[in-house]
Amino acid sequence: MSRVIRTAAAQLGPIGRNETRQSSVARMLELMREAHASGAQLVVFPELALTTFFPRWYFEQQQQIDYFFETEMPGPETRPLFETAARLGIGFYLGFAERIIEQGVSHYYNTSILVNRQGKIIGKYRKIHLPGHQENEPWRPFQHLEKRYFERGNLGFPVFDALDGKLGMCLCNDRRWPETYRVMGLQGVEMILLGYNTPLHYPLAPAHDHLQNFHNHLVMQAGAYQNGTWVVGVAKAGIEEGCELIGQSCIIAPTGEIMVQCDTLEDELIIEDCDLDRCREIRENIFNFSLHREPQDYQLICQPKLSTEA
């Protein structure tokens, strides 16, 4: 039986601070319908796809922060995504800011979900590798306050049975860390869905700005090849509230090859037939974990992280 997932990467252009969720959802619905018309079974949206990338601002009022978070999924504004997916018979990945209340305490996560072709949530991931900083740093041209607004994810890197394959998820900065791919690779992941919002300018090392696009593909291609998995990387791109975000949304084969890539920094759809059985080309050969891994020599990787304090 064929295990080909016709997959659509649904890049989004900028979302303004005043753009409503209804507007961003309408844009995603248009891409979803386009994906369905092309025969796609799965459509992948970016990280924090419902709003502008709000960690670029320092907010002093909690209600200003809470505005960007979803307290239910689906909620009134996002329900059309689920209903349309069920009607069309197409699954999707969605990144959003999640607020939950446990024992009277609010918790905030940068989250993604996997929704099946019946419109039901079958998987959830909460971002683990939070970049940026915690306090207001006025010298920056824009803030990157993910460490202030989000808690570190508490669900690990799970892999889910979906579409006759094993699918995993991660978000943005996670893609830079090899452990992200390897933990899922050890669970037999065959496709990793990955949304991102990545500025072209990096204030801490501006000399690296010209490498942002190169590094974006470098880490995803390496993760795909070293773990024998498809990787679907999807951007929110373009100039958003004065901050230039990279694009380069792409679908990468288990060999590390980019099979298809977006050409613009706007709303754009790309599609690839992803044969999950191609994962075997890598996993039964050069990266055959059972034959060639030597975990007894990797113990340092799992040691507690070093303190940065003097």
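For the structure, check the block above.
Residues numbered from 1 in each chain as written. Predicted model: local features only at pLDDT ≥ 70, side-chain atom pairs only at ≥ 80, totals over all residues. Heavy atoms only, no water.

## Quick look at the packing of aromatic side chains
Summed over the entire model, instances satisfying the criterion amount to 14 aromatic pairs. Considering the side-chain rings of phenylalanine 59 and phenylalanine 68, the 5.8 Å spacing of their centres and the 35° angle between planes classify their relative orientation as tilted. Members of the aromatic cluster, each reached through a chain of ring pairs, are Phe54, Trp57, Phe59, Tyr67, Phe68, Phe69, Tyr108, Tyr149 and Phe150. The ring of tyrosine 67 has arginine 21 sitting right over it, with the charged end atom 5.2 Å from the ring centre. The aromatic ring of phenylalanine 289 is capped on one face by arginine 293, whose charged end is 6.0 Å from the ring centroid. (Phe/Tyr/Trp six-rings, centres within 6.5 Å; stacked < 30°, edge-to-face > 60°. Lys NZ or Arg CZ within 6 Å of the ring centre and 35° of its normal.)

## Here's the deal with helix H3 (residues 79–88)
For H3, the set of buried residues is Leu81, Phe82, Thr84 and Ala85. Note on H3: the residue one or two positions beyond its end, glycine 89, has a positive phi of about 75°. (Buried < 20%, exposed > 50% of the residue type's maximum accessible area, 1.4 Å probe, protein only. Helix = DSSP H or I, 4+ residues; strand = E, 2+ residues; numbered from the N terminus.)

## Description of the side chain of serine 112
Assignment of secondary structure puts serine 112 in strand S4 (residues 105–115). For serine 112, a relative accessible area of 0% corresponds to the buried category. Aside from chain neighbours lying at most four places away, what touches serine 112 is Tyr93, Leu94, Gly95, Gly123, Lys124, Tyr125, Met169 and Leu171. (Contact = heavy atoms within 4.5 Å.)

## Description of the sheet that holds strand S6 (residues 159–162)
Across the sheet, six strands lie side by side as S6-S7-S8-S9-S12-S13; this open sheet has mixed pairing. On the outer flanks of this sheet lie S6 and strand S13 (258–261), each paired with one strand and no other. The sheet shows a mean angle of 20° between the axes of neighbouring strands, taken without regard to direction. Sheet contacts for helix H5 (residues 178–185): S6, strand S7 (165–171), strand S8 (191–196) and strand S9 (230–235); angle to S7, the most-contacted strand, approximately 160°. (Pairing = 2+ DSSP bridges. Axes fitted to C-alpha atoms, helices over the stretch in contact; angles between N-to-C directions.)

## A word on the pairing of S7
Taking burial as the measure, the seven residues of S7 include six buried ones, the bulk of the element. Sheet topology places S6 next to S7; four bridges connect them, and they run antiparallel. Considered in S7, the bridge of alanine 162 is made with glycine 165. Following S6, the chain reverses through two residues before pairing antiparallel with S7; leucine 163 in that reversal takes a positive phi of roughly 55°. In the sheet, S7 pairs with S8 via five bridges, with the strands oriented parallel. Bridged to leucine 171 within S8 is glycine 195. Handedness of the crossover joining S7 and S8 through H5 is recorded here as right-handed. (Right-handed = clockwise from strand over helix to strand, strands pointing away.)

## Quick notes on empty space enclosed by the protein
According to the stated counting rule, one finds one cavity of 30 Å³ or more in the structure shown. Quantified by volume, the largest cavity comes out at close to 30 Å³. Taken together, Phe53, Arg56, Phe142, Gln143, His144, Pro199, Cys243 and Leu245 make up the full set of residues lining the largest cavity. Residue classes in the lining of the largest cavity are distributed as five nonpolar, two polar and one charged. (1 Å grid on protein atoms, 1.4 Å probe; cavity = no way out; pocket = protein on both sides within 12 Å on 5 of 7 lines; lining within 4 Å. Points joined across faces, edges and corners; volume = space filled by probe spheres on them. Nonpolar A, V, L, I, M, F, W, Y, C, P; charged D, E, K, R; others polar.)

The values are spatial; any link to function lies outside them.
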